[in-house]
Amino acid sequence: MKRVQEVDVAILGGGPAGTSLALTLCLYSNLTVAVIEKTKYETARVGENVSASLLPLLDYLQVKESFLADGHKPVYNSSALWGNAFLNSRPSLFSQFGEGYLLDRRQFDRMLAEGVSHRGGILFLQTKCQEGELLEGGGWRLFLSHASGEPFSLDSHYLVDATGRQSRAAKRLGAKSIVCDSLVGITAFLSFDATYRPQPEEILVESVPEGWWYSAYLPDGTLSVAFMTDIDIMRQQQLHKASSWSRLLSKTNQTYQRTRGGTRIGLLAVKPAHSHILDRAVGDNWMAVGDAATAFDPLSSMGIGYAMTSGSHAAVALNEYLTRHDRALLDQYQNGLERHFETYLKLRHLHYDLERRWLDAPFWQRRTANSVVLR
Ligand SMILES: Cc1cc2nc3c(=O)[nH]c(=O)nc-3n(C[C@H](O)[C@H](O)[C@H](O)COP(=O)(O)OP(=O)(O)OC[C@H]3O[C@@H](n4cnc5c(N)ncnc54)[C@H](O)[C@@H]3O)c2cc1C
């Protein structure tokens, strides 16, 4: 088997967390980095609403100019039907950071990955890690395969799991995911005739007894519509099937109005959206970042921004560890994840507790109960 080369840090997963970690190391350390990403960013990705508070981080990662040139759509308003039947709006004018953005998510993730290779990182796209073995004296040998090429191996001193909510590598290395719920997002993308009507720069959230709806117009004019519910409710009501999903949608107040006249592009996509934290995100010569380490309910707006920040903080800690053998920042990273997760659970409870119209419905019962069940 061909051995490509040796790097200090191999990162599995080229989402926002993995590429932010890689960019930070490329820009602010002498460590060598490889990112192994199983796609070439060709398929639709979910999660697109980010706050303008992300801009300073993009600046730090030296990709702010590329980001601003990429035509992501500003979002000027967030509206919600939550807790009562009235539409409550929060204009971004009153936000500390100003308007946020609705991302072309594929382009955003691709732009960060290209940033890594421009800064000297190695990027393996369409590449999967089949297996890894611990080398004598420390370090890893990863056995990789490219979609169209022969298998090859890569040696690295340190391994980072940035594979998203499934935490594939960390779980194989013995970490356990402490899961708080079974939330899933069932998403459709709808296209409209360009002359059909204006597409407000606004996100809309609407609660219903079975869960809640999220919708937003993306930069290319398609409408992203996601229904968030628990997996058992999805299965019982067959909400992963277009007919049942559409039937539930038709009972909404505002969300249905937005979707009228739209044509669904492709199939419904079902994605896990549960809250979880790993029992340990730092092990011997490995760590997990982003959703792989800890992931939040999309209601919290702690997705992409938190993943990137956690990747960047992890890079600083890793540099200290690999160059000065100082674990203090790695320990701080682990403690920080636990602290943030505890605070997040309290906030999550507060948000869901604002909706008290369906306290006998399982989705809301599970979220408004006083204690959180960790599984
Ligand atoms: C329905 C839904 C809606 C959401 N909406 C929002 C939103 O509006 N705003 C927001 O900020 N957040 C949102 N989120 C959350 C947000 O998408 C995530 O928090 C964010 O993408 C986490 O980034 P990450 O890099 O940790 O993981 P991911 O973005 O999941 O990236 C993981 C990467 O690893 C790759 N990968 C996986 N396995 C392997 C492997 N074995 N080998 C190589 N590569 C691998 C994947 O292809 C992917 O590129 C939403 C999530 C869901 C489910």
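Residues numbered from 1 in each chain as written. Predicted model: local features only at pLDDT ≥ 70, side-chain atom pairs only at ≥ 80, totals over all residues. Heavy atoms only, no water.

Visitor: What should I look at first to understand the packing of helix α9 (residues 304-324) against helix α10 (residues 328-353) in this one?
Guide: Two quantities define a packed helix pair, namely the angle between the helix axes and the distance between the axes. The geometry of α9 relative to α10 is characterised by a closest axis approach of 8 Å and an angle of 155° between their N-to-C directions. When the axis of α9 is compared with that of α10, the two are roughly antiparallel. For the pair α9 and α10, the contacting residues are Tyr306, Ser310, Ala314, Val316, Ala317, Leu318, Glu320 and Tyr321 in the first and Leu329, Leu330, Tyr333, Leu337 and His340 in the second. Per-class residue counts for the contact of α9 with α10 are ten nonpolar, two polar and one charged. (Axes fitted to C-alpha atoms, helices over the stretch in contact; angles between N-to-C directions. Helix = DSSP H or I, 4+ residues; strand = E, 2+ residues; numbered from the N terminus. Parallel < 35°, antiparallel > 145°, perpendicular 65-115°, else oblique. Contact = heavy atoms within 4.5 Å. Nonpolar A, V, L, I, M, F, W, Y, C, P; charged D, E, K, R; others polar.)

Visitor: Quick question: what am I supposed to make of the site of the ligand here?
Guide: Taken together, 28 residues lie around the ligand, and Glu37, Asn49, Arg105, Asp291 and Ile304 are the ones closest in. For the ligand, an oxygen atom lies 2.8 Å from a polar atom in the side chain of Arg105. Out of a free accessible area of 1000 Å², the ligand has 88% covered by protein chains. Contributions of two or more residues to the shell around the ligand are made by α1 (16-28) and α9. Here the shell around the ligand is composed, by residue class, of ten nonpolar, eleven polar and seven charged. (Near = heavy atom within 4 Å. Polar contact = N/O pair within 3.5 Å; in protein donor to acceptor, adjacent residues only side chain to side chain. Areas by Shrake-Rupley, 256 points an atom, 1.4 Å probe, with all protein chains shown as cover.)

Visitor: Would you explain helix α7 (residues 242-250) in this entry?
Guide: One full turn of an α-helix is made of 3.6 residues, so residues set three or four places apart face in the same direction. Taken as a whole, α7 has its buried residues at Ser244, Trp245, Leu248 and Leu249. Seen end-on, α7 carries its buried residues on one side only, within an arc spanning 140°. Contacts from the buried residues of α7 go to β13 (183-191), β15 (211-217), β16 (223-230), α8 (254-259) and β17 (263-272). (Buried < 20%, exposed > 50% of the residue type's maximum accessible area, 1.4 Å probe, protein only. Arc of directions from axis to C-beta.)

Visitor: How should the pairing of strand β5 (residues 77-81) be read in this particular structure?
Guide: Two faces belong to every sheet, and in a regular strand the side chains alternate between them. Alternating residues of β5 divide into Asn77, Ser79 and Leu81, all buried, and Ser78 and Ala80, none buried. In this structure, β5 lies alongside strand β6 (residues 88-91), joined through four bridges in antiparallel fashion. Within β6, the position partnered with Asn77 by the bridge is Pro91. Where β5 hands over to β6, the hairpin turn is made up of six residues, of which Gly83 adopts a positive phi near 95°. Looking at chain direction, β5 and strand β14 (residues 202-208) are connected through five bridges and run parallel. (Pairing = 2+ DSSP bridges.)

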